[in-house]
Amino acid sequence: MKPAGQGAATAVPVRWMDRAGGRKRDRGGPVRADTQALAELDTCLAQAPVHQWGLDTPGLQRHELIEALHALNDHFGVLFDRHLAALAQRLHLPLAEVHEVASFYHHFERRRDSGPGVSCTVRVCDGLSCQLAGADALLSQTRAALASQPDVRVLPAPCLGRCEQAPAAWVGDQGVGEATAPGLVRVAEAFKANRAGTPYLCAEVATKNIAIAPEAQLDLPSAPRTLTDYCLSGGYQMAAAVVQGEMAAEDVLAVLEHSGLRGLGGAGFAAFRKWRIVAAQPGPRWLAVNLDEGEPGTFKDRTLLERDPHRLLEGILIAAQVVGCEQVVIYLRDEYPELHALLRQEIHALHAQPPCPLPAIQLRRGAGAYICGEESAMLQSIEGLRGEPRLRPPYVAEVGLFGQPTLAHNGETLWWLRDLLERGADWWTAHGRHGRRGLRSFSVSGRVRLPGVKIAPAGITVRELIDEYCGGMAPGHTLYAYLPGGASGGILPAALADVPLDFDTLQPHGCFIGSAAIIVLGHTDSARHAASEMMRFFADESCGQCTPCRVGTAKAHQLMAAPVWDAATLADLSAVMRDASICGLGQAAPNPVDCVLRYFAHEVTAA
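A. Structural detail: the overall build of the protein. When you go through the protein residue by residue, the secondary structure sums to 24 helices and 16 strands. Taking 25 Å as the expected radius of gyration for a compact globule of 607 residues, we find that the protein reaches 24 Å, a close match to that expectation. Its C-alpha atoms give the protein principal-axis dimensions of roughly 70 × 60 × 50 Å. Counting every position in the protein, which comprises 607 residues, the buried fraction comes to 61%. Summarising the internal contacts of the protein: among those between residues at least 6 apart in sequence, 73% fall at separations of at least 24. Split by element, the accessible area of the protein, about 22,300 Å² in all, is 53% carbon and sulfur.

Quick look at the structure:
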């Protein structure tokens, strides 16, 4: 592995080449922008951290298009046509190509040059957990309270990843939990007054909603652990041992194999097998860390990293060394502005005091697209393109980021590496219930007394999880149903509350655990409503690339509005989406529908 700044980075071509035939994507002649727009663009780029650590390439690169769009959007609140033309000229791209990328992502709004700017955007989460906590009323009240301020936008937003703090909102560059309309007005006014200030950093993180299995002996601080504190607790010793050859790569792989550690972002692919596949490919290789965490009900990565970001960074160094990745990209969802600032600060500290030679590390922002949680769509976004999933084969382990072999991993999987190597695989496998092995970080929200991240044994049941880790059901509620894997994991009734929660245990019941996002419904709630909201979400978030998903999700949501569901037509749609969709969004979207028809038919059939 080469240290950053010493030839580790590979220059990326300004013009992307078509993978199939090597042809340039040429759509239009050169763009000419006015000098004022070019000057405004250059000012924004100079003030924003578009260029990343460890990259030797001069000037703005094609793959940095989305970062440049963020710089403009952060400064002006919207994307003006004149600035898109200036960006196209700077990157030597057709204007249509810049527009097609900007129009794909929810957090970018294009405006004509004569239109007004936006001083602040308030996004109120309308995800299921927040709806249970009164998000619809909060949205209406906030719009009314800010109606007299035309430079402030108030918008509904899909899950913001703060489900344990429902109802949640996002104001400017700050997340707001347990939001109220007066509180959002105050935060919006403060943001407008300090528009040019430094990004908000979470100085303290509430710990009341964290619960850890005592036998795990895992200490998580209440505030972000700094590099100094992390090193004092033994941090980076394991990464240094691996990088310096004191612990062989084969020994690391043996620990992963014996532990049975699987990808914890949803797919559950065996970590050691993925590492071996990528390591066997010819270099150069990339490591892409998926922190998009857009699955409704999921907030485990945010919670873990708010407290111990260097545990992830150490895992990154270990994985990069073992697999032979000289470059790392961390892809973080845009809805986590505080975490973005924290990671940027701690990565900078790591480069200033490296415990061992480091790979080149880039930190990239998503732009509001759930589909970019799918690994190939994430890679497209990192390349500065629309986040559309790729057809496979080839798989990203073979042809991934910029056409090179790529190890794509969820953040939590890497977060556990230090503990696994220090304590051994037997420590990991000693945990578990009902015949399962290991630990899981469950994101629990909805009708429970203490929502939050619960680090508990794999195979625990939802009834055990609620009683032992969540303080029981919320006052006045009894368990009616639960979503075991977020929006796409399906819905199960209380009668199946004793099914072990783990990989491969829920499939016989038409569900899967995914990212372990547990949304709990009480007896006053409706499984029908939950499924309809999930389908609305999928219809909004479909990238539109394949017809079964684009049309099927919208048609299913329309059919689900009927008092009595057309079960036959919905079953046909489910079959087509499962069989013909390109990626997991369309393939998993029917799960909530099928579960309602299977377990909650009394809600959707004639009396």
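B. Region of interest: helix H15 (residues 375-382). Among the 8 residues that make up H15, 7 are buried, leaving the element largely enclosed by the rest of the structure. Listing the buried residues of H15 in full gives Ser376, Ala377, Met378, Leu379, Gln380, Ser381 and Ile382. Where H15 is buried, its residues contact helix H2 (65-76), strand E8 (285-291), strand E9 (325-332), strand E10 (360-365) and strand E11 (406-410). Where H15 terminates, the next one or two residues include glycine 384, which has phi positive at roughly 85°.

C. Quick look at the sheet that holds strand E5 (residues 169-171). If you trace the 4 strands from one edge of the open sheet to the other, you get E4-E3-E5-E6, paired in mixed fashion. Among the strands making up the open sheet, the edge pair consists of strand E4 (152-157) and strand E6 (174-176). Taken over all neighbouring pairs, the strand axes of this sheet differ in orientation by 20° on average, direction set aside. In this sheet, E5 lies alongside strand E3 (residues 120-125) in antiparallel orientation, the contact comprising 3 bridges. By the bridge assignment, valine 124 is partnered in E5 with alanine 169. Relative to the sheet, helix H7 (residues 181-193) contacts E3, E4, E5 and E6, its axis offset from that of E3 by approximately 150°.

D. Layout of the packing of helix H3 (residues 81-91) against helix H4 (residues 95-102). The geometry of H3 relative to H4 is characterised by a closest axis approach of 9 Å and an angle of 120° between their N-to-C directions. Of the possible angle classes, the one that applies to H3 and H4 is oblique. The two elements H3 and H4 meet at a crossing, and its hand is right-handed. Seen from H3, the contacting residues are Asp81, Leu84, Ala85, Leu87 and Ala88; seen from H4, they are Leu95, Val98 and His99. Looking at the contact of H3 with H4 residue by residue, the classes come out as 6 nonpolar, 1 polar and 1 charged.

Cut-offs and rules
- Within each chain, residue numbers correspond to sequence positions counted from 1 in written order.
- For this predicted model, a pLDDT threshold of at least 70 governs which residues receive local features, and a threshold of 80 or more governs which side-chain atom pairs are given and counted, while totals over whole chains, interfaces and linings are taken from all residues.
- The side-chain values count all of the structure's non-hydrogen atoms but skip hydrogen atoms and water molecules.
- Helical segments are the DSSP runs of H or I of at least four residues, strand segments are the runs of E of at least two, and each set is numbered from the N terminus.
- For the radius of gyration, the atom set is restricted to C-alpha positions; the globular benchmark scales as 2.2 Å times the number of residues to the power 0.38.
- Three labels apply to residues, based on accessible area from a 1.4 Å probe with only protein chains included: buried if under 20% of the type maximum, exposed if over 50%, partly exposed otherwise in between.
- Throughout, a contact is declared for two residues whenever any of their heavy atoms are within 4.5 Å.
- Accessible surface is estimated by sampling points in the Shrake-Rupley manner with a 1.4 Å probe; for residues, cover comes only from the protein chains shown.
- In this description, strands pair whenever DSSP reports at least two bridges between them.
- Angular values range over 0 to 180 degrees, each being the angle between N-to-C directions of two axes fitted as lines to C-alpha atoms, with helices fitted over their stretch in contact.
- Throughout, the term roughly parallel applies to angles under 35 degrees, roughly antiparallel to angles over 145, roughly perpendicular to angles from 65 to 115, and oblique to all others.
- Crossings are sorted by hand: turned counterclockwise from the far helix by less than a right angle, the near helix makes the crossing left-handed, and turned clockwise it makes it right-handed.
- Classification used: nonpolar for Ala, Val, Leu, Ile, Met, Phe, Trp, Tyr, Cys and Pro, charged for Asp, Glu, Lys and Arg, polar for all others including Gly.

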